[in-house]
Amino acid sequence: MDNSKTELFESMPIPKAVVTLSVPSVISSLVMVIYSLADTFFVGMMNDPVQNAAVTLAAPLLLAFNAVNNLFGIGSSSMMSRALGRKDYDTVYRSSAFGFYASLICSLLFSLLYGALQSPILVMLGANAETIQATADYLFWTVLLGSAPSILNVVLAYLVRAEGSSLHASIGTMCGCLLNIVLDPIFILPWGLNLGAAGAGCATCLSNTVACLYFFVLLFVKRGKTYVCIKPSMFRPSKQIVKGVCGVGIPASIQNLLNVTGMTILNNFTSAYGSDPVAAMGIAQRVNMVPFQIAMGFSQGIMPLISYNYASGNIKRMKKTFTFTAKISLGFILAVMLTFVVAAEPIISMFMKNESIVAYGAAFLRGFCFALPFLCIDFLALGVFQSCGMGMKSFIFAVVRKIVLEIPALFVLNWLFPLYGLAYAQFVAELILGTIAVVVLVRMFRRLEREHAAPYVSDSESVK
């Protein structure tokens, strides 16, 4: 194994290791949010709520891509990092090949399924006679043509990050996002191709394709120096590989599908109040994705470090990694939450100069932001479970979050406080789940410390 990677996982000071792995991941997540906001910003410049509503209504279907990303990206990367910790390099090769080809097959099936069931899917998403054509135009590029590049570039980033190459994973993701930001105004606005929401979809499809090409070139250049393997000959699914990947990936995938279900229900509730609330809800959701994705970036960034040290028995280093990351992540999230509470109106008005939409959006954003600190803890807890191969724990958390807490809260709060109560459903769910996560993590770390009564200490750490 590469000595620099061994140092990163085993002996590098924890703050430096966390920064090395998480900062590129967080920056990548930020760029992804910026490109998502760019779609909303440039479509909003048309001052057409229908076009903005189309991007909002399509969001659950694009979020469903993450079900495949999580299944094969998180599942394979977790197995790769744990295998690296055990020095089982054959499993590293075969699990990466399985993750790549399985995600390719599923992405093609995704496109075929949407093409066959387009009309009922659009209705299910909440599109009506006013918004259905614009939504269909956007999904033509992002789903019918764009499923494969959209899914593969994320899965490849997970696989590259699993061996500690967080910087390369982030560069690949960011190059697609930055290109999308450049292409958006050209494809969307009247002075360009004037395609509206369809132009945003076209720019996304092209950008994801470029991101995929970056990863293919990277793997070609690093051939013989990387554990990420996409050779067809290594795609030999065995019971061990399938069970290891799916044991973590399926719960992560179900978690995402439940997120899609929750977002679809939210959009359907909102669409009953007209296109202005739908457009405002979409803007608020995308703005709220900034801290959301940063918290996700920290969680995903430290997953290889957690996996490696869990597999090698260094529970002390694993626990310190989690606590250090929790402190810096929570500090940032609380600062963002305060900003959203104080400056909701000017933030929303950046995306659309419409008094009605700004008023709705500010109210929604304030409701969403109260969930952020608890969501941060929940993400980190799920990252630990997925890193350690504890798929059942992450599955239970996903079911409790959406089925037991958030979806019922949407019905109750919309009944008690029509429309405006919808923005607080996530806060109710995450407040309860975040508390449960802390209790479960404390007990889990105590159990692991008992099981490893004589924890591994690296030479460099013992000298310190």
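Computed from a predicted model, the values in this text were never measured in an experiment.

Observations concerning the overall build of the protein chain
- Along its length, the protein chain carries 19 helices and zero strands.
- Expected size for 464 residues packed as a compact globule is a radius of gyration near 23 Å; at 22 Å, the protein chain falls within 12% of this value.
- By principal-axis analysis of the C-alpha atoms, the protein chain measures approximately 65 × 45 × 35 Å.
- Counting only residues that meet the buried cut, the protein chain has 59% of its 464 residues in that class.
- In the protein chain, 83% of the contacts between residues at least 6 apart in sequence involve partners at least 24 apart.
- Summed over all atoms, the accessible surface of the protein chain reaches about 17,900 Å², with 70% contributed by carbon and sulfur.
- For the protein chain, the distance from the average position of its 30 positive side-chain charges to the average position of its 21 negative side-chain charges is 12 Å.

Observations regarding a nonpolar patch on the surface
- Among the surface-exposed residues, V182, I186, W191, L193 and L195 lie close enough to one another that they form a single nonpolar patch of about 510 Å² accessible area.
- Along the chain, W191 turns up in the loop between α9 (166–188) and α10 (197–221).
- By relative accessible area, W191 is classed as exposed at 63%.

What about helix α17 (residues 391–416)?
- Between its terminal C-alpha atoms α17 stretches 36 Å, which fits the 38 Å expected from 26 residues at 1.5 Å a residue.
- Of all bends in α17, the biggest is about 30°, found at E406, and the proline P408 comes one to four residues later.

A few points about the nonpolar core
- Judged by nonpolar contacts, the single largest core of 122 residues is most densely connected at M318 and M444.
- Ranked by residues supplied to this core, first place goes to helix α12 (residues 275–312) with 12 residues.
- Contacts of M444, omitting those with residues within four sequence positions, involve M318, V384, F385 and M390.
- Core analysis: the next-biggest nonpolar cluster, separate from the first, contains five residues, I74, Y158, A252 and M303 among them.

Reading guide: rules and limits
All residue numbers refer to positions counted from 1 along the written sequence of the respective chain. Side-chain atom pairs in this predicted model are given and counted only at pLDDT of 80 or more, local residue features only at pLDDT of at least 70, and totals for whole chains, interfaces and linings cover all residues. Heavy atoms throughout the structure, all of them, feed into the side-chain values; hydrogens and water do not. Elements are defined by DSSP. Helices are runs of H or I of four residues or more, strands are runs of E of two residues or more, and each kind is numbered from the N terminus. The globule rule is 2.2 Å times the number of residues to the power 0.38, and the radius of gyration it is compared with is taken over C-alpha atoms. Per-residue accessibility, obtained with a 1.4 Å probe over protein chains only, is compared with the maximum for each type, and a residue is labelled buried under 20%, exposed over 50%, and partly exposed between these values. Whether two residues touch is decided by their heavy atoms; if any such pair falls within 4.5 Å, the residues are in contact. For the accessible areas, the method is Shrake-Rupley and the probe is 1.4 Å, while residue cover comes only from the protein chains on display. Positive charge is attributed to Lys and Arg, negative charge to Asp and Glu, and no charge count is given to His or to the chain ends. A single reference atom marks each charge: NZ on Lys, CZ on Arg, CG on Asp, CD on Glu. Distance thresholds for patches are 9 Å for like charges and 5 Å for nonpolar side chains (Val, Leu, Ile, Met, Phe, Trp, Tyr), applied to residues having over 30% relative accessible area and no salt bridge. The salt bridge definition used is simple: a Lys or Arg side-chain nitrogen within 4 Å of an Asp or Glu carboxyl oxygen. Multiplying one less than the number of residues by 1.5 Å gives the expected span of a helix. The reported bend at a residue is simply the angle between two axes, fitted to the 7 residues ending at it and to the 7 residues beginning with it. In plain words, nonpolar cores are sets of buried Ala, Val, Leu, Ile, Met, Phe, Trp, Tyr and Cys residues tied together by side-chain atoms within 4.5 Å.

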